[in-house]
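Overview (structure and organization)
Read off the chains here:
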Amino acid sequence: MSFLRRILLLALVAPAMQGCVGVSYTGWDLGNSQAQTIGTKLAENVDEDGNRQSWRIFPGDSTEQPRLELSETTVIEIPRIGVTVGSMNQDRANNAGLEPFNGVWVLSATTQLPAGAAGLRKGDVILSVNGNPVPGVPQFSSMIADSAAENPDQPMEIRVLFRNRRDESENGENVLSISPTFVTNEQSQIESFALTRSRGLFDYTGLEIATLPQEFAEPIYGTQSPVHVVSGVVTGSPAYEAGLRAGDRLLSVMDRPADSLSVLNESVLELVRREDPTAPPLDLLNSSASFAPLLSEDDDVVTLMVDGPLGPHTAELGVTLDLDAESDVSIPILFNYEQSRTKHESGLLNFIFTFGYDYERRTYASATRAARESSSLSILPLSLIQRHRRPGNTEWRVLWFISWDA
């Protein structure tokens, strides 16, 4: 009996002997926490005043639909004269010899800014702006803002009661001509909109496509019809291996315009039914009721054309029937095996020291069209030969201390 057959036999009988072999299935996720938290930018529009509209798409999960987020930032020029004021309460009014709640009390005035440069000091009282009496602090701020908005190039006339000057002759009412400075400020607000997706397509390919209604497609893409956009891709799935990424806009499927998802859904279902004739009905894929073959017998992938943040791309999309499957086999001391869509590990005679081999391969979320993987291999006693492969680099090590990069 060959060595491989012995290992397979042990894998079959081990559950009965030790209960150490099992197969488990877990719910899907997109495997990219960054995509979940910050989304993928689809477009940003900036007008001549610096006001911005930014559109981001976020993937869904097992309970929630994908969503589109609109962030609007408005640039506002806020007038400042460089003074901090407080209300004219009874004590301050008595101190200034005025009626309470008549004007505002100057708490501070920056000498480098317009109010301080014009002579305003702590303890003074501001009585009116452009001839209009100041009843309180909120009204004073509004009066400064309104005056600057109505006549941005004109100084405002502010009547002030000077107090506590060293030269008492300077005390009393004065009218100051003050031109405010303007400080740029940004105000932002965010709106979120739920989108529809094809769940059946996701289950077979790991590709989540959301439909943007015309009201969103027009400001983002300038089109007058709905647009289908990739909102998320499962790491390690057929869609991921095909180079599809969040933010891709679907342009065509099998050389047909992507004005609806039916061509994509039915093409995918054709591939699925070749492997499993009992695949779910078309309504689970949001497809049309009439089904006509779209692929030839030689087609084993669905060809998509997309464009997005990573540029145009032609993808060859395959299918899978076990997107969520995870399997593991463990025969203590002798053999271990574990596999999922993002991880593959196996080991033979791996105890205390490595007398056989250890192998591990992991797939990570990628911000490029190319998949990101790392792998390591260790064989013979005490890891005599090792190989570590990462994106863009492979390291070899022999006899523990001889190493080189390739």
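The sections below set out a description of the structure shown in this document. (Residues numbered from 1 in each chain as written. Predicted model: local features only at pLDDT ≥ 70, side-chain atom pairs only at ≥ 80, totals over all residues. Heavy atoms only, no water.)

**Brief notes about helix 9 (residues 262-275)**
With 14 residues, helix 9 should reach 20 Å at 1.5 Å per residue; the first-to-last C-alpha distance of 20 Å fits that figure. Burial analysis of helix 9 places eleven of its 14 residues in the buried class, the great majority of the element. Residues Ser262, Val263, Leu264, Asn265, Glu266, Ser267, Val268, Leu269, Glu270, Leu271 and Val272 constitute the buried set of helix 9. Tucked inside the fold, the buried residues of helix 9 contact helix 6 (199-205), strand 13 (207-212), strand 15 (249-253), strand 16 (256-257), strand 17 (302-307) and strand 18 (313-317). (Helix = DSSP H or I, 4+ residues; strand = E, 2+ residues; numbered from the N terminus. Expected span 1.5 Å × (residues − 1). Buried < 20%, exposed > 50% of the residue type's maximum accessible area, 1.4 Å probe, protein only. Contact = heavy atoms within 4.5 Å.)

**Quick word on the pairing of strand 6 (residues 104-109)**
One ladder, built from five bridges, connects strand 5 (residues 83-87) with strand 6; its direction is antiparallel. Residue pairing in the sheet places Val85 in a bridge with Val106 of strand 6. In this structure, strand 6 lies alongside strand 7 (residues 125-129), joined through two bridges in antiparallel fashion. Bridge pairing in strand 7 places Val104 opposite Ile126. (Pairing = 2+ DSSP bridges.)

**Considering the layout of surface pockets**
Of the volumes computed, that of the second largest pocket is approximately 210 Å³. Residue lining of the second largest pocket: 13 residues in total, with Pro79, Arg80, Val83, Phe140 and Ser141 positioned closest to the centre. Elements with a minimum of two residues in the lining of the second largest pocket: strand 4 (67-80), strand 5 and helix 5 (137-150). Class assignment of the residues belonging to the lining of the second largest pocket gives a composition of nine nonpolar, three polar and one charged. (1 Å grid on protein atoms, 1.4 Å probe; cavity = no way out; pocket = protein on both sides within 12 Å on 5 of 7 lines; lining within 4 Å. Points joined across faces, edges and corners; volume = space filled by probe spheres on them. Nonpolar A, V, L, I, M, F, W, Y, C, P; charged D, E, K, R; others polar.)

**Describing the pairing of strand 3 (residues 52-58)**
Bridge count for strand 2 (residues 40-46) against strand 3 is six bridges, and the pairing is antiparallel. The residue of strand 3 that forms the bridge with Thr40 is Ile57. Taking the residues between adjacent antiparallel strands as the criterion, strand 2 and strand 3 are bridged by five residues, where Gly50 takes a positive phi near 90 degrees.

**Notes on the sheet that holds strand 3**
Pairing is antiparallel across the open sheet formed by four strands, whose spatial order is 2-3-4-11. Strands with a single pairing partner mark the edges of an open sheet, and in this sheet they are strand 2 and strand 11 (181-194). Strand-to-strand twist across the sheet, computed as the mean angle between neighbouring axes with direction ignored, equals 20 degrees. Of the strand pairs in this sheet, strand 4 and strand 11 are connected by 14 bridges, and their pairing is antiparallel. (Axes fitted to C-alpha atoms, helices over the stretch in contact; angles between N-to-C directions.)

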